[in-house]
Amino acid sequence: MRLSIVIPFMNPDSGHFAAMLAGLSEADFSVFSFVEVVLVNDGSTGRHQQEIADFSRASPTFHIKLIELPMNRGVSYARNIGMAESQGDWIALHDADDVSLPARFAMSARFLQQHPEVIAVAGDMQVFNDQDNAQLMRLFPLRHDDICVDNLFYCAMAQPALMINRALWLQSQVQYTDKMDMAQDWDFVIRISHHGKLANLAMPLVRYRQHHKQRSHAISGEFANCHVRGIWAIWG
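These numbers come from a predicted model, not from an experiment. (Residues numbered from 1 in each chain as written. Predicted model: local features only at pLDDT ≥ 70, side-chain atom pairs only at ≥ 80, totals over all residues. Heavy atoms only, no water.)

Chemist: Help me understand the overall build of the protein chain, please; the structure alone is not making it clear to me.
Modeler: A count of helices and strands for the protein chain gives nine helices and nine strands. The buried share of the protein chain, reckoned over its 236 residues, is 52%. In the protein chain, 80% of the contacts between residues at least 6 apart in sequence involve partners at least 24 apart. Total accessible area on the protein chain stands at roughly 11,000 Å², and carbon and sulfur atoms take up 53% of it. (Helix = DSSP H or I, 4+ residues; strand = E, 2+ residues; numbered from the N terminus. Buried < 20%, exposed > 50% of the residue type's maximum accessible area, 1.4 Å probe, protein only. Contact = heavy atoms within 4.5 Å. Areas by Shrake-Rupley, 256 points an atom, 1.4 Å probe, with all protein chains shown as cover.)

Chemist: What exactly am I supposed to notice about the side chain of S108 here?
Modeler: Checked against the element boundaries, S108 lands in helix α4 (residues 104-114). The class for S108 is buried, based on a relative accessible area of 0%.

Chemist: For this particular structure, what's the right way to read the environment of A58?
Modeler: Its place among the elements puts A58 in helix α2 (residues 49-58). Distance in space between the C-alpha atoms of A58 and L24 is 9.8 Å, their sequence separation being 34 residues.

See the structure below:
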């Protein structure tokens, strides 16, 4: 099996970025014959070369591809670029400040291999904060029908834990909506649900970091609701 991991980033905290990359170095990739990490620099002004160089030395078997965008285009655009460049059978999406648990990639890929009708699989999240304190476990529905029902009210798949069947995704021609930087994961999951089954594994796959530099932390609920209302208008 071949795996692509797509990681867009823009001025990430160096400690968070290094911890995310270290988590990849420690993960179980024994079931894969090929692993590529597609890093998409979405117009960062800060330095990130050292963290990537350290990661490259720690993970010599990985194929690391760095895409440098000349200006900030938004996370949806950057993620689309990374996915288009991916060559794996499966595409794992990854945020620049979260940490994947060691079994995430192998468990998700095995599930997709055993369920060829599934276009995307994710799982539960361990939520923690800047002090590395575990706060809660976020759980999600497991079956396609339950996920689709819950998608009426919130995004019922954790994007930081999402892995996609690349062949089905290419057939779907679904991309992240450009310049939609809030609720873009919800919109994407709803649209791919029309092209294959969705599933969540009954286990945590990622440690989701909550911190004050997150885009969602700085946006008021009323602003976020504009994006939510847009999804309801399109799919309601």
